[in-house]
Protein chains: 2
Amino acid sequence: MASADRTVDSADRGPTLKDVARLAEVSRATASRAFADHSSIAAATRMRVLDAARMLGYTLNQPARSLKSGRIGLVGVVLPDLRDPFYAHIAAGIDEVLQDQGFAMIMIMGRGGDQVAAIERLRSHRVGSVIVAPTSTAIISAIRAAKLVAVHVHTTHHSLVSDCVTGYDYEVVRGIAAELITLGHKRLALLLRSPETSATRGRAAGFLSAIDAAPSTVSGRLVAPHTDPRITSWLPHLDGASAVIAGDAGITSRLLQEARNRGVCVPRDLSVVSLGDLDWMTAFDPPISAVDLHPHAMGRHAAETLVARLRGDAPAPPVEIRVLPTVNRRGSIAPFRES
Amino acid sequence: MASADRTVDSADRGPTLKDVARLAEVSRATASRAFADHSSIAAATRMRVLDAARMLGYTLNQPARSLKSGRIGLVGVVLPDLRDPFYAHIAAGIDEVLQDQGFAMIMIMGRGGDQVAAIERLRSHRVGSVIVAPTSTAIISAIRAAKLVAVHVHTTHHSLVSDCVTGYDYEVVRGIAAELITLGHKRLALLLRSPETSATRGRAAGFLSAIDAAPSTVSGRLVAPHTDPRITSWLPHLDGASAVIAGDAGITSRLLQEARNRGVCVPRDLSVVSLGDLDWMTAFDPPISAVDLHPHAMGRHAAETLVARLRGDAPAPPVEIRVLPTVNRRGSIAPFRES
DNA sequence: CTGTTAGCGCCTTCAT
DNA sequence: ATGAAGGCGCTAACAG
């Protein structure tokens, strides 16, 4: 009955620049200039064109425009998993800036080999730039091959010639470990889950550096199974440690869960510090000490850097922006006591 | 020094179909068919073309393709905030399916008026379809005006003629409220934060329905401030309730934090149920009772529905897919006791 | 099954 | 400051 008004011909693709030009009584070239060129067009003419466009509900056809110009106003974002709040916050930061700057983002989740496939997909959409985490040799060469302008977030790489936004993984972990040692802890553990990146390497190095700087009665254990994160149980790997640094919020919650189930009391039996700070951590009893890595700010910086790079014509040298973490000391750490 | 090898002419846009066709010694049309058309091309020819493409490192130019065909292999995703794990999980589910099906997603965060702006932006990229949450009259008419194929997630709308994926907000809240009443609670509260949607309305209705069905000694309080979520304090609004249903994980953690700070003991003084189940809830002491709304599955269903709609030629009637929630009863609920 | 022909909507010289 | 013409890379009719 009401199906009559359904447009059979799906080629109804809305008004084009030609329509706008006709209504504004100018040539297509002039109409085009009204949208892009900011110089060689009379203000009055441009206004007329813009009015006509509004009247018709015209929208620039970005794909068509990209055909000629190459530019497309689209930025690729390749992140491993949005279910990890760390990356979700990065994504949110990126989105904020990109929207402000008039870009849209093609988001693709993937790690390892998928990352390379993602780059390939971006290439097919003629995306000219990408924000990516984490970094690896594979992704770097894929990006280079695709000639993309890239910004790397959270991790960097020795062979990297692009801009990147990182943290202070080495420093912060070393500092925390030192703090725990000062509190009298003799056996520490660092729990890591991600694949090997500059971040995990930095954390491991910082951890070991703190251990090395301490008396030989202090030992540190590095737990970094590169296996399926979902079946990992952390507690058995602690090896009697009385203080532990958890590599991300997921590890922290899993660890706390195990501790509760097995009657391990935090902080009496175990001091805990989380790398990554979330709302629920302050709700916990005891409140969990956590390092805020400021992933949202990282995302913002990454996007800002990328946009600057896209707009800037002068080939400036790559920069590394480092975001200072905030250490929030709360109840989950305590001086060591013999049990 | 090393700047000599920098390509001055940025028009270096890689191999085109024409190059592939030449190498494979076929016409451009045939080469094109090798990628799209699955029927009218000889297997041997297609293989030859594909080989040539691989040899040249050729990638389909989606924007150019869209110029003629209208299709572009891009789906818009408009979600309010990825920092909310509920939406992050939806996004993850969507991404999984879309990648499998060869689509990429343009993700734009936004709520309220921003949603409409997002639709406009998608339109300029000639995206033909969108997955969106939450629903509102404004977004519905924007989608209709842009003639997009849409799937709505989590919420519906009476004026909706598109597909949607929803939950059982009414039923689940009613059931939980009834359960709490059975446990002897006389004063309940439902905490909601989102704007008015079918989901929040359903929850409110389910809540009130359970209260109505109970003896008149039972009262329920609906707390739904549509103000800035970040400065909201929930505890003062509880009005002496001994059992509370928290509308999302963020509310839950904030509430638990306040409870701890003010010496309110869960579940002795306050029974808590969270709408939305996250890892950390089982780590809590007591473990938090929570309803898993399965946002990841919702995302998957939404994407699957959309893809089916895009592929299907027959204009099938819109469907509503409802995802059954899972109620995980844990230690944060207890029978009512006089204090 | 394959080639030919004509644009899709836009931008960019080159004139004027 | 504006118009005319050609082509970006691809696909959809139509022939053959």
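Definitions and limits used
- Residues numbered from 1 in each chain as written.
- Chains lettered and ligands numbered in written order.
- Predicted model: local features only at pLDDT ≥ 70, side-chain atom pairs only at ≥ 80, totals over all residues.
- Heavy atoms only, no water.
- Helix = DSSP H or I, 4+ residues; strand = E, 2+ residues; numbered from the N terminus.
- Rg over C-alpha atoms; globule rule 2.2 N^0.38 Å.
- Buried < 20%, exposed > 50% of the residue type's maximum accessible area, 1.4 Å probe, protein only.
- Contact = heavy atoms within 4.5 Å.
- Areas by Shrake-Rupley, 256 points an atom, 1.4 Å probe, with all protein chains shown as cover.
- Lys, Arg positive; Asp, Glu negative; His and termini not counted.
- Charge placed at Lys NZ, Arg CZ, Asp CG, Glu CD.
- Pairing = 2+ DSSP bridges.
- Right-handed = clockwise from strand over helix to strand, strands pointing away.
- Least-squares fit on C-alpha atoms with pLDDT ≥ 70 in both.
- Polar contact = N/O pair within 3.5 Å; in protein donor to acceptor, adjacent residues only side chain to side chain.
- Buried area = accessible area lost by both parts, 1.4 Å probe.
- Salt bridge = Lys/Arg side-chain N within 4 Å of Asp/Glu carboxyl O.
- Nonpolar A, V, L, I, M, F, W, Y, C, P; charged D, E, K, R; others polar.
- Domains from an automatic or database assignment.
- Phe/Tyr/Trp six-rings, centres within 6.5 Å; stacked < 30°, edge-to-face > 60°.
- Lys NZ or Arg CZ within 6 Å of the ring centre and 35° of its normal.
- Near = heavy atom within 4 Å.
- Axes fitted to C-alpha atoms, helices over the stretch in contact; angles between N-to-C directions.

Undergrad: I'm lost on the overall build of chain A in this one. Help?
TA: Each helix and strand counted, chain A has twelve helices and twelve strands in total. Over its C-alpha atoms chain A spans a radius of gyration of 26 Å, topping by over 25% the 20 Å that the globule rule assigns to 339 residues. In chain A, which comprises 339 residues, the proportion classed as buried is 49%. Contacts in chain A between residues far apart in sequence, at least 24 positions, make up 65% of those at least 6 positions apart. Carbon and sulfur atoms make up 53% of the accessible area of chain A, which amounts to about 15600 Å² in all. Positive and negative side-chain charges of chain A, numbering 38 and 33 respectively, have mean locations separated by a distance of 5 Å.

Undergrad: How do you make sense of the pairing of strand β3 (residues 129-132) of chain B when you look at a structure like this?
TA: Moving residue by residue along a regular strand, the side chains alternate between the two faces of the sheet. Residue and element names in this part refer to chain B. Along β3, one buried face is formed by S129 and I131 and the opposite face, lined by V130 and V132, is buried too. Sheet topology note: the strand β1 (residues 74-79)/β3 ladder contains three bridges and is parallel. Following the sheet pairing, G76 is matched in β3 by V130. Bridge count for β3 against strand β4 (residues 149-154) is four bridges, and the pairing is parallel. Considered in β4, the bridge of V132 is made with H152. Between β3 and its parallel partner β4, the chain crosses via helix α7 (residues 137-145), and the hand of that crossover is right-handed.

Undergrad: Quick question: what am I supposed to make of the relation of the copies chain A and chain B here?
TA: Between the two chain copies there is a screw-like relation: a rotation about an axis and a shift along it. At an RMSD of 0.3 Å, chain A and chain B line up after a rotation of 180° and a shift of 0.1 Å along the axis. What the superposition gives is, in effect, a two-fold axis relating one chain to the other. Interface overlap between copies: 100% of the residues of chain A at the interface are likewise at the interface in chain B, consistent with a symmetric, same-surface contact.

Undergrad: Which parts of the structure should I look at to understand the side chain of S66(B)?
TA: Along the polypeptide, S66(B) turns up in helix α4 (residues 62-69). For S66(B), a relative accessible area of 5% puts it in the buried group. A distance of 2.8 Å separates a polar side-chain atom of S66(B) from the backbone oxygen of P63(B). Excluding residues within four positions of it along the chain, S66(B) makes contact with R13(A), P63(A), R71(B) and I72(B).

Undergrad: Is there a simple way to think about the interface of chain A and chain B in this case?
TA: You'll often see interface size given as the accessible area lost when the parts meet. Taken residue by residue, the interface counts 58 residues in chain A and 58 residues in chain B. Taking both partners together, chain A and chain B bury about 5000 Å²; carbon and sulfur atoms supply 53% of that area. Per-residue buried area on chain A facing chain B is highest for R83(A), R126(A) and R260(A); these three make up 12% of the total on that side. At the surface where chain A touches chain B, the tally comes to four salt bridges. The shortest N-O distance in the salt bridge between D279(A) and R254(B) comes to 2.6 Å. Listing elements by their share of the side of chain A that touches chain B, those giving two or more residues are α4 (62-69), α5 (85-100), β2 (104-109), α6 (113-124), α10 (249-261) and α11 (279-283) of chain A. The dominant element in the side of chain A that touches chain B, judged by the number of residues it contributes, is α5(A), at eight residues. Broken down by class, the residue content of the side of chain A that touches chain B amounts to 25 nonpolar, 16 polar and 17 charged.

Undergrad: Can you walk me through the domain arrangement of chain A in this structure?
TA: Residue and element names in this part refer to chain A. Assigned domains within chain A: domain 1 (68-167 + 295-314) and domain 2 (169-292). On a C-alpha basis, the centroid separation for the pair domain 1 and domain 2 is 30 Å. In total, domain 1 and domain 2 occlude about 700 Å² of area from one another, counting both sides; carbon and sulfur atoms represent 56% of this. One can count one residue pair in polar contact (both at pLDDT 80 or more) joining domain 1 with domain 2. Of the residues that constitute the side of domain 1 that touches domain 2, the class distribution is three nonpolar, six polar and no charged.

Undergrad: Hey, could you run me through the packing of aromatic side chains in this one?
TA: Between two aromatic rings, the relevant description is the distance of the centres plus the angle of the planes. This model, assessed by the stated rule, comprises eight aromatic pairs over all chains. Grouped by ring-pair contacts, the aromatic residues W280(A), F284(A), W280(B) and F284(B) constitute a single cluster. The side chain of R322(A) reaches across the aromatic face of Y168(A), ending 3.9 Å from its centre.

Undergrad: Please explain the protein's contact with DNA strand C as it appears in this structure.
TA: Around DNA strand C sit 25 residues, and of these L17(A), Y58(A), R65(A), T30(B) and T45(B) come closest. At the protein interface, 66% of the atoms of DNA strand C within 4 Å belong to sugar or phosphate. In this structure, a phosphate oxygen belonging to DNA strand C sits 2.6 Å away from a side-chain N or O atom of S32(A). R33(B) places a polar side-chain atom, nitrogen or oxygen, 2.7 Å from a base nitrogen of DNA strand C. Those elements that place two or more of their residues in the surface near DNA strand C are α2 (28-35) and α4 of chain A together with α2 (28-35) and α4 of chain B.

Undergrad: Before we go on, may I ask you to explain the protein's contact with DNA strand D in this structure?
TA: Taken together, 27 residues form the shell around DNA strand D, and within it T45(A), L17(B), R28(B), Y58(B) and R65(B) come nearest. The protein-proximal atoms of DNA strand D, defined as those within 4 Å of the protein, are 60% sugar or phosphate. A distance of 2.3 Å separates a phosphate oxygen of DNA strand D from a polar backbone atom of L17(B). Between DNA strand D and R71(B) there is a distance of 3.1 Å, counted from a phosphate oxygen to a side-chain nitrogen or oxygen. Secondary-structure elements contributing two or more residues to the surface near DNA strand D are α2 and α4 of chain A together with α2 and α4 of chain B. Here the surface near DNA strand D takes five residues from α4(B), the largest share from any one element. Each residue belonging to the surface near DNA strand D can be placed in one class, and the counts come to eleven nonpolar, eight polar and eight charged.

Undergrad: Quick question: what am I supposed to make of the pattern of salt bridges here?
TA: As a working rule, side chains carrying opposite charge can pair if their charged atoms are close by. Summed over all chains, the structure comprises 36 salt bridges over all chains. Here R83(B) makes a salt bridge to E96(A), at a shortest N to O gap of 3.9 Å. Remark: E96(A) occurs in helix α5 and R83(B) occurs in the loop between β1 and α5 (85-100); the pair is interchain, linking two chains. A residue is classified by how much of its surface remains accessible, and R83(B), at 27% relative accessible area, is partly exposed. Given a relative accessible area of 25%, E96(A) falls into the partly exposed group. Of the charged contacts, one joins E304(A) and R300(A) as a salt bridge, the two residues approaching to 3.5 Å between their closest N and O atoms. One end of the pair, E304(A), and the other, R300(A), are both in helix α12 (residues 295-311), four residues apart, so they sit about a helical turn from each other. We classify E304(A) as partly exposed; its relative accessible area is 37%. For R300(A), a relative accessible area of 27% puts it in the partly exposed group.

Undergrad: When you look at the sheet that holds strand β4 (residues 149-154) of chain A in this model, what are you seeing that I'm missing?
TA: In a beta sheet, neighbouring strands are held together by backbone hydrogen bonds and run either parallel or antiparallel to one another. If you trace the twelve strands from one edge of the open sheet to the other, you get β11(A)-β5(A)-β4(A)-β3(A)-β1(A)-β2(A)-β2(B)-β1(B)-β3(B)-β4(B)-β5(B)-β11(B), paired in mixed fashion. Strands with a single pairing partner mark the edges of an open sheet, and in this sheet they are β11 (320-322) of chain A together with β11 (320-322) of chain B. Pairs of neighbouring strands in the sheet enclose a mean axial angle of 20°, with direction left out of account. The strands touched by α12(A) are β1 (74-79), β3 (129-132), β4, β5 (163-166) and β11 of chain A; relative to β4(A), the strand with the most contacts, the crossing angle is about 165°.

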